[in-house]
Each structure stands twice: as C-alpha cells, then as structure tokens.
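Chain by chain, the residues run as shown.
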Amino acid sequence: MKKLCTLILALALLGALCACGDYVSLMPGTELVRPGAEESAEDVFQAAPLLTYLGWEDFGGSYYTDTPVALSYQSEASDGTRGCRAYVFDRASIIAACDALRSMTVTAPSPEQAASGGEYVLTMADGDEYYFTFGRLADGSRVLSTYTGNYAVEGGDALWEIEFPAYSSSFDLFDLYFDDGVRAFADGFEQNTPVSVGYRLGSGATVTSDDPAVVRQAFAALSGATVTVVENFPDQNIDLTDVRDYIFTMADGTYYTFSFAQRCLAVTAAPDFGTVYYWLSGIDALWDVQIMAANNNGKFEGGSIGGLRDDIQTTVQVANGERTDLTVAGIFVEYTIGEESGYLTLDGDLAMRFIRQVAAIQVSSETVAEPTGDKITISVTLSDLSGPIFYFTGDAIQQVVGIHYICDSGDMAALRQTITELAAEGNNTAAIEEATAD
C-alpha cells in the first residue's frame with residue numbers, strides 16, 4: 001500500500017511539472033519538449049520560384065516557342081472596384097511579362113491587406129489562360145494573391161512597367177493594332193498621303209472621295225480620337241450590327257480599314273484571340289466628315305446581300321483586269337423594264353463587257369426606303385463557280401435586305417438601254433462599248 005501511494009505521488013508530481021509553463025529534465029542528459037512546440041520541417045514555408053509554386057513549370061520552359069497570343073491586365077481597388085481589362089499583343093511585351101514572372105520568387109506568407117492590385121492573364125492560341133493576381137501593399141511591395149491568402153514576392157519588376165491601353169496615355173489609336181504597317185501608315189501620312197478615303201455602312205456600298213482635303217480631314221479626325229475604356233462585355237453593351245468602316249487607299253492599291261461598332265473601334269490584332277472593342281472619345285469628328293459632300297457619288301464597291309460583298313469586290317476586280325486568275329464564266333439577267341420582261345444569258349467577251357458596265361455604276365450614300373420602278377436581277381458566275389447577285393429596283397440597288405442605295409440615274413438608264421438592246425438584237429456589243437466609253 002505504501003508503494004502504491006508513493007507511485008501515485010510521483011505521478012502527481014510529474015503531472016504538475018508538465019502542467020506548468022516550463023519544462024524541466026527529470027533525468028540528466030534528457031529533455032522534455034512540449035508536443036508541437038517546434039514546427040516540423042514540412043510545416044516551414046519554403047521560398048520557391050513563382051511558376052514552381054503555382055505548378056506551372058512546363059509553361060515556364062515553353063513560352064519562347066509556344067508564346068501566348070495576348071497579355072491582359074485589369075486593375076482592382078481595395079474596395080473591390082475593378083477597371084477595364086486591357087490587352088497587348090506584341091511579342092516583346094508578352095515575352096517580357098513571361099520573363100518577369102519566371103524571375104519572381106514567392107518568399108513568405110503575408111498577413112497584410114493589399115491597398116490595390118491587378119490581375120494579369122496570359123492567353124494561349126488554344127484558349128488556355130494563366131491567371132496571376134498581385135496586390136500592392138502600402139509600402140509599395142508586392143504580394144501574390146491566391147485563394148489561400150497573400151504571399152510576398154520578390155523580383156519581376158519588369159511586369160509592372162508594361163503599359164496597357166486605357167491605363168497609359170502612351171497608346172494612340174493606331175498602336176492598338178500592334179501592326180507595323182498601320183503604324184507606318186499613320187507616321188508617314190504626310191509623306192505618303194492616301195489617294196482616297198471611303199465610307200461603308202454595314203454591308204452597303206462604299207462611297208469614296210479622292211479630294212485631298214477630305215482625306216486629310218478624315219485622317220485628322222481619326223487620329224484625334226482617344227481610348228477611354230476597353231469594353232469587357234461587347235455582346236451585352238454594344239450593338240455589333242451597327243458597323244461602319246473607313247477605308248484609306250494608297251497609291252499602290254494598299255488600303256487600311258478602320259472598323260467601328262457604334263463608337264467602339266473594333267480591332268483584331270491577333271486572329272487566334274478575336275476582336276477587342278475600344279470605346280473612344282472625340283470620334284464624332286470622324287462621323288461629321290462629309291466624304292461625298294462634293295458629288296455624293298462613289299464607285300460601287302460592295303454588297304448586294306450582306307455575305308456577298310467579297311464576291312462583288314472580286315467580280316469588280318475581274319472586270320477591271322485586276323484579277324487575272326479568274327474570268328467571268330457567265331451572266332444571267334432577269335428583267336422587267338417598262339412593259340417588257342425577259343432574261344438574257346451572256347458569256348465570253350460580251351459577259352466581261354457587260355459586268356464592266358455594271359461595276360462602273362455610281363452608287364450614292366443616300367438610301368431610299370421603298371424603291372419603285374424597273375426590276376433587274378443580275379447573277380454573275382465566275383470561273384471558280386463563285387459570284388454575286390445584283391438586285392436593282394428603279395434607280396436603286398439593294399445592298400442588304402431592306403436597304404437600298406440610290407444609283408446614278410444616267411448610269412441606270414444606260415444599263416436599261418443595254419439590256420433592252422441586247423434582248424432585241426442579240427449580242428449587241430456596241431451598246432455596251434458605248435455605255436462604258438469614257
């Protein structure tokens with residue numbers, strides 16, 4: 001019994017020692033350590049390269065050959081307010097960003113709340129994306145923000161130096177294309193002024209002016225516009241059917257097209273990425289340019305039905321001898337002129353002469369809601385079996401369903417005369433030669 005009491009007393013003494021804040025060795029050469037008082041090796045945060053920490057080593061080793069097609073940035077304030085997402089597409093900036101990310105090191109957890117931040121996204125050609133969210137602390141240092149918390153990072157300062165449209169005034173409208181040709185067009189405008197400027201609404205006719213004063217006015221208005229914001233949700237916030245194009249044509253035939261959806265400049269800098277829409281300020285000055293103020297007529301250059309614009313342009317090029325790889329295989333004309341109705345089939349040189357006359361018809365920028373008069377339908381078949389259909393009613397041509405542009409009345413009278421003479425006399429080439437003579 002005495003031994004039992006002694007044992008109980010010893011155990012109580014040991015319990016009391018263990019319950020106190022200090023640990024005492026009971027036997028020489030031994031130590032007692034509170035369980036968990038020291039972290040195990042696996043619990044200690046190990047600094048690591050950022051791409052390794054995120055598990056993206058494969059990307060880090062491949063971006064020079066499999067380079068992302070786009071880099072974007074979106075700012076975020078401490079209250080959660082986000083700015084627009086802006087993009088750059090030049091390889092130099094994208095590689096610089098990748099190099100900066102590869103050089104970063106994640107050093108330690110950071111309990112501090114970021115005062116501001118932003119998200120960077122690298123988009124691959126196949127649509128895969130790599131997201132990096134960084135915060136900036138009050139002292140200017142950077143942290144990587146993840147779903148597990150913030151982590152201090154070192155290195156990679158080159159990433160913060162990359163500039164983005166709508167966040168930097170260094171971008172003008174022409175820089176948004178990330179295209180050396182567009183940049184050269186803008187910088188060399190005074191030395192190499194375009195010979196004409198054209199305007200096209202939707203799939204309608206292109207009306208042009210070769211007046212140097214009008215060309216300069218249009219360019220000045222275009223270059224004076226500035227980006228205010230990048231549209232993050234174009235399908236929701238833009239009427240993508242409200243499209244207008246301005247086309248500057250150079251002396252060598254090169255042309256530069258600037259397309260707009262409402263007041264947004266629509267830019268496809270990387271086909272694999274798609275179109276980006278930039279809201280502009282000051283663009284109304286371009287809308288105010290009266291491209292056809294002098295004669296209100298322009299050479300016919302596009303679309304009887306929306307999807308056929310390219311076929312029509314190709315046909316015009318064939319008729320004008322600009323395309324030698326194609327010929328006009330045949331033309332079918334169905335007409336009602338006055339009291340006469342009928343059809344014609346044309347081929348060979350006669351077809352070429354006829355379509356050349358059609359291509360020379362002047363089309364006004366003005367429209368008519370419900371045209372009346374003679375009806376002429378001209379179906380063209382090219383040697384590759386492509387080809388457009390022209391729909392004329394009275395002195396108007398239908399460019400898209402329900403939209404009719406007014407044509408020059410003299411040109412239309414000549415076309416009707418040619419058709420009636422061909423119908424009455426057969427292959428009357430003289431009628432076409434007279435109509436197309438200068």
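Preceding block: the structure.
Residues numbered from 1 in each chain as written. Predicted model: local features only at pLDDT ≥ 70, side-chain atom pairs only at ≥ 80, totals over all residues. Heavy atoms only, no water.

Another aspect to go through is the sheet that holds strand β15 (residues 274–281). Sheet architecture is open: seven strands sit in the order β10-β9-β12-β13-β14-β15-β11, paired in antiparallel fashion. Looking at which strands have only one partner, the edges of the open sheet turn out to be β10 (206–209) and β11 (226–230). Going across the sheet, the axis of each strand differs from the next one's by a mean of 35 degrees, ignoring polarity. Summarising the sheet, strand β13 (residues 255–261) and strand β14 (residues 264–270) pair through three bridges and their orientation is antiparallel. Residue pairing in the sheet places Phe260 in a bridge with Leu265 of β14. Set on the sheet, helix α5 (residues 180–187) makes contact with β12 (243–249) and β13; between it and β13 the angle comes to about 100 degrees. (Pairing = 2+ DSSP bridges. Helix = DSSP H or I, 4+ residues; strand = E, 2+ residues; numbered from the N terminus. Axes fitted to C-alpha atoms, helices over the stretch in contact; angles between N-to-C directions. Contact = heavy atoms within 4.5 Å.)

Core analysis: the biggest nonpolar cluster contains 68 residues, and Leu50, Phe258, Phe260 and Leu286 have the highest contact counts within it. Ignoring sequence-local partners within four residues, the contact set of Leu286 consists of Ala218, Ala221, Leu222, Tyr246 and Phe260. Residues Leu350, Ile361, Tyr405 and Cys407 belong to the second largest nonpolar core, which totals 34 residues. (Core = buried A, V, L, I, M, F, W, Y, C linked by side-chain atoms within 4.5 Å. Buried < 20%, exposed > 50% of the residue type's maximum accessible area, 1.4 Å probe, protein only.)

The next point concerns the packing of aromatic side chains. Using the criterion set out here, one finds 37 aromatic pairs in the structure. Between Phe174 and Phe185, the aromatic rings sit 6.3 Å apart at their centres with planes inclined by 70 degrees, giving edge-to-face as the arrangement. Pair noted here: Phe174 is in the loop between β8 (149–154) and α5 and Phe185 is in helix α5, with a separation of 11 residues, a long-range link. Considered together, Phe174 and Phe185 belong to a single accessibility category, that of buried residues. For the pair Phe185 and Phe248, a centre-to-centre distance of 5.6 Å together with 50 degrees between the ring planes defines the contact as tilted. Of this pair, Phe185 sits in helix α5 while Phe248 is found in strand β12, placing the two residues 63 residues apart along the sequence. A relative accessible area of 0% means that Phe248 is categorised as buried. (Phe/Tyr/Trp six-rings, centres within 6.5 Å; stacked < 30°, edge-to-face > 60°.)

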